[in-house]
Amino acid sequence: MVPFPKNEDYVGESQVRTFVEQKRGTQDPLMSHVSVALHGLGGVGKTQDVLDFVYSCKKSHSVFWIYCESPTRFDEDYHKLAKLVKIPGYNELDPSQDTRGIVKNWLESKESGDWILVFDNADKKTDFFPGSTGGESCGLAKYMPKCAKGTIVITTRDYEVAQQLAGWRGVLTKEAMLPADATTLFQRHYPSGALYNEADCDKLLHELQYLPLAITQVASACIDAQEIPHELLAELESRSDEIMLGEALAQLLNFSLLQLQVGSAGTRYTLHSLVHLAIQYFMSPEEKVSAIETTARVLSHVIPPHGAFEDWPRWRHYLPHTTAFLSYAGKELNNIHIATICFSMADYLVNTGRYRDSQPLAERSTTIRNLLLGHEHPETLKSMLLLARGFFEIGMRDECKELEVKVVALSEKVLGEDHPDTLTAMSNLASTLRNKGRWDEAETLQRKVLETGKVVLGEDHPDTLTDMNNVASTLQITGRWGEAQTLQRKVLETHKVVLGEDHPHTLTAMSHLATTLWNKGRWDEAETLERKVLETSKILDNFEPLMDVEDRQAKVSISTRLPVDVCYTGCHAVAEHVL
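The following paragraphs examine the structure supplied in this document.

Observations regarding the overall build of the protein
A count of helices and strands for the protein gives 25 helices and 10 strands. Going through the 579 residues of the protein one by one, you find that 48% of them count as buried. Put simply, of all contacts in the protein between residues at least 6 apart along the chain, 68% involve residues at least 24 apart. A total accessible area of about 27200 Å² is found for the protein, and carbon and sulfur atoms account for 53% of it.

Re the nonpolar core
Among the nonpolar cores identified, the biggest contains 56 residues, and Leu232, Phe325, Leu326 and Ile341 are the most heavily contacted of them. Filtering out sequence-adjacent residues up to four positions away, Leu326 remains in contact with Ile338, Ile341, Cys342, Met345, Leu361 and Arg364. If you look at the next biggest cluster of nonpolar residues, it comprises 30 residues, including Ile66, Cys68, Tyr78 and Leu117.

Focus on the environment of Lys6
One can find Lys6 in the segment before helix 1 (15–26). Look at Lys6 and you get partly exposed, because its relative accessible area is 47%. Lys6 sits 46 residues away from Asp52 along the chain, and the two C-alpha atoms are 7.2 Å apart.

A closer look at unusual backbone geometry
The phi angle at Lys86 is positive, at roughly 55°, despite the residue not being glycine. Here Lys86 shows up in the loop between helix 3 (71–85) and helix 4 (99–108). A residue is classified by how much of its surface remains accessible, and Lys86, at 70% relative accessible area, is exposed. For Asn121, which is not glycine, the phi dihedral falls at a positive 60°. Exposure remark for Asn121: the relative accessible area of 25% places this residue in the partly exposed category.

Thresholds, definitions, all that
Residues numbered from 1 in each chain as written. Predicted model: local features only at pLDDT ≥ 70, side-chain atom pairs only at ≥ 80, totals over all residues. Heavy atoms only, no water. Helix = DSSP H or I, 4+ residues; strand = E, 2+ residues; numbered from the N terminus. Buried < 20%, exposed > 50% of the residue type's maximum accessible area, 1.4 Å probe, protein only. Contact = heavy atoms within 4.5 Å. Areas by Shrake-Rupley, 256 points an atom, 1.4 Å probe, with all protein chains shown as cover. Core = buried A, V, L, I, M, F, W, Y, C linked by side-chain atoms within 4.5 Å.

Below, the structure written as structure tokens:
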């Protein structure tokens, strides 16, 4: 159960092999267990080191290789192990069984014989020790065998994980390849029959650490090394930079230090981890600051400006890069581009329901824009409104109302009462008032927003339809089901024409109408609509049709709220009947 073939080109001495051989030579034969953890940076050769050891013992030992990138991968390989060796009592069709415990007990038993168990990429401490005290608790460490036999080998980038799993005496550190070994490996892969100049090749190996600035500024640790979109690298200032970028990419591709992926999502690159680390190591402090500033500018131009449903596919590609960038940049450097990145990320996270993750980003965006642009600037007001939305969703209703009142007042002063952004702020405040039980105030403000929106934006504008739906939701709360139904039918039919039948806003409108019909006793109609919602929502990632989420998108993508106590309960009643 080894996922890789033997590497015939392996260069150097296996540290794990040397350690285990020495350990076994000094151990009591009755106590033959060995635990060793190989710690080191990604890409330095930990896996190859372990493979060299494993293949030296494969004829005399059973070998099991367990990936530990996540608990899910850990479980998959434990299932594979149990099925492969046909552990008594294991049933692959029973999802409720304790597969982790079954495999652990078997490995500790006499029946398992002498084995080598590799836990590869055990990098996340919280997966193995989720408790705050560092104990095993329900983590993966609890399911690693503990007995007087067998050999456990762990590879990890986390020194604490290595120490806790193998003990401090069992920790080895994998260092970078020695220059002589690097030269040997290069020679082995050098084209047969080609002219070889040792001095030039040594120079080339050295120069690979100094890649062109066009790529180092954007493809350093500032962004994630996996699936880098070409448009992110191509967003450069001049034609000469673009040419230099092409040459740099070609150089990396020729030496297999870059992988090219072309698909429906466009051209993407995966940068070898060693190159990623080398760039970080050899950049001066000044170059790092320049890299952060350049990356901030580039990201702010290429990422979607909001978190609207239509942009979710692009966000799935960009979120790892914006997350890595903000982590690398830290909180010391704050410019307008970083504020834009924080705002756009926060808006996406809010619209996909990750409210607590969005809050620090919305706060940072608000702080930077307030500092650089002033508290009355329209962009600052957008950040404040997004921050207020997060307050609402995590239960901080008073803080939400206080901030929304401030935004409405500033928007009316700076933009005017009829500006779309002012209407958005008023709509959000009305929703907050409604959910605090102040229904008369909420309805008055909602109707004002609706009538103004019809004139300013038009009756078929998505924001106007959202405002109409908000009024209908307040009518539901106050028991005026007939009036609510009339508005909701108009909203639904217009959404179908403007946005399409499969758009989340259309499905939300359909679900709200189903609630009203259900409460009016028109159950067959309600069931038909809810079936349509449930069936369509299965193909939409991150969309829950029974939740009250609808975005009022003017120039900011800030969601207004609908009545949870009425709509949510009603929709579940319909869904339970359907199912």
